[in-house]
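In case you want the letters, here they are:
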Amino acid sequence: MQMFELWQYSFMQQAFIAGVIAACLCPVIGLFLVVRRLALIGDGLGHISFAGVAAGWLWGIYPVYTASLFAVLGAVVIETLRTQRRQFADTALAMVFYTGIASAIVLTSMVRTAANNLLGYLFGSIVTVSRQDVLAIAVLAGMVLLIITAFYKELVYVSCDEEAAKVNGLPVAALNMGLAILTALTVAVAMRVVGLLLVSALMIIPVAASLQLARSFRGALFLAVFFAQISVFTGLTASFYFDLAPGGTIVLIGVAIFTLIYAGRAAVNAARPTGQSCRVSKSL
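Residues numbered from 1 in each chain as written. Predicted model: local features only at pLDDT ≥ 70, side-chain atom pairs only at ≥ 80, totals over all residues. Heavy atoms only, no water.

Engineer: Outline the pattern of salt bridges, listing residues and values.
Structural biologist: Under the counting rule described, the total for this entry stands at 3 salt bridges. Of the charged contacts in the structure, one is a salt bridge between Glu79 and Arg82, with a shortest N-O distance of 2.9 Å. Remark: Arg82 and Glu79 occur in helix H3 (residues 63-84); sequence separation between them is 3 residues, near one turn of the helix. Exposure remark for Glu79: the relative accessible area of 5% places this residue in the buried category. (Salt bridge = Lys/Arg side-chain N within 4 Å of Asp/Glu carboxyl O. Helix = DSSP H or I, 4+ residues; strand = E, 2+ residues; numbered from the N terminus. Buried < 20%, exposed > 50% of the residue type's maximum accessible area, 1.4 Å probe, protein only.)

Have a look at this one:
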């Protein structure tokens with residue numbers, strides 16, 4: 001049947017595998033970032049990662065590896081500045097972000113023969129994902145998810161109440177640094193799916209939708225992953241049949257899901273009698 005034509009192509013099979021992995025990982029990290037009010041850090045790490053991609057092409061190294069290295073180094077610098085220079089945190093972070101994108105521009109100008117390949121990382125090119133890409137994405141995502149599983153309770157505690165976590169003796173600084181590094185690796189995983197310009201969207205938008213419905217941190221986690229999977233499956237399918245950009249389509253599907261949920265909740269709240277209205281719990 002024509003409906004299932006896309007499954008006949010190996011590049012689409014690999015695209016779906018990479019997309020499913022990214023859709024499992026990105027909302028998990030994204031939920032911790034949203035709770036900590038660091039939703040835009042993925043954009044900054046995306047800028048730094050692009051410099052890593054350009055450096056990889058320039059030096060003849062697989063770009064996912066160099067992007068991961070640059071992103072991790074950037075995450076360490078960002079977290080250090082955020083914790084030690086809180087009064088200048090916004091300015092310091094902006095400096096790091098702009099340094100990353102400026103470095104990317106300079107390095108890109110030196111890699112003239114690979115401009116089209118670099119654009120694939122910038123805007124997303126999931127339909128050109130290779131087996132090597134899938135393997136790298138799977139290894140990085142598996143490592144990140146294993147670490148999150150091992151330190152899940154501690155990360156939730158620190159994210160929800162950092163001061164209480166310090167009082168109870170948790171290694172807050174180490175956990176914060178660890179989360180920053182995991183975020184960097186997540187950016188490296190997702191950049192082949194939606195591109196570095198939209199990588200933060202796959203972390204944040206499904207989480208924003210899940211928080212409209214969830215009553216607990218764990219519930220928000222599962223809902224966010226569910227919404228991300230729907231976005232990836234629907235976005236990839238639509239991009240195949242309608243010849244659309246996969247990364248942008250995936251993100252727009254996520255925005256549509258959020259909009260429908262938000263509008264639905266608003267309609268339900270408006271329909272309730274004033275005297276019987278109740279506030280949905282946002283406990284995490």
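Engineer: Report on a nonpolar patch on the surface, specifying residues and quantitative values.
Structural biologist: Together, Leu58, Trp59, Ile61, Tyr65, Val106 and Met110 line one region of the surface with nonpolar side chains, adding up to about 610 Å² of accessible area. Mapped onto the nonpolar patch, the elements with two or more residues apiece are helix H2 (41-59) and helix H4 (89-110). Here Leu58 is to be found in helix H2. (Patch = residues over 30% accessible without salt bridge, like charges linked within 9 Å, V, L, I, M, F, W, Y side chains within 5 Å. Areas by Shrake-Rupley, 256 points an atom, 1.4 Å probe, with all protein chains shown as cover.)

Engineer: I'd like a description of helix H10 (residues 199-210), backed by residues and values.
Structural biologist: Along H10, 11 of the 12 residues are buried, which leaves the element largely enclosed by surrounding structure. Among the residues making up H10, those that are buried are Val199, Ser200, Ala201, Leu202, Met203, Ile204, Ile205, Pro206, Val207, Ala209 and Ser210. The secondary structure elements touched by the buried residues of H10 are helix H1 (10-35), H2, helix H9 (172-194), helix H11 (217-242) and helix H12 (246-271). (Contact = heavy atoms within 4.5 Å.)

Engineer: Can you tell me about the packing of H1 against helix H6 (residues 131-150), naming the residues and giving the values?
Structural biologist: With their axes 10 Å apart at the nearest point, H1 and H6 run at an angle of 30 degrees to one another. Classified by the angle between their axes, H1 and H6 sit roughly parallel to one another. Crossing of H1 against H6: the hand is left-handed. Of the residues in H6, those touching H1 at Gln14, Ile17, Ala18, Ile21, Leu25, Val28, Ile29 and Phe32 are Arg131, Val134, Ile137, Ala138, Ala141, Val144, Leu145 and Ile148. Here the contact of H1 with H6 is built from residues that sort into 14 nonpolar, 1 polar and 1 charged. (Axes fitted to C-alpha atoms, helices over the stretch in contact; angles between N-to-C directions. Parallel < 35°, antiparallel > 145°, perpendicular 65-115°, else oblique. Left-handed = near helix turned anticlockwise from the far one by under 90°. Nonpolar A, V, L, I, M, F, W, Y, C, P; charged D, E, K, R; others polar.)

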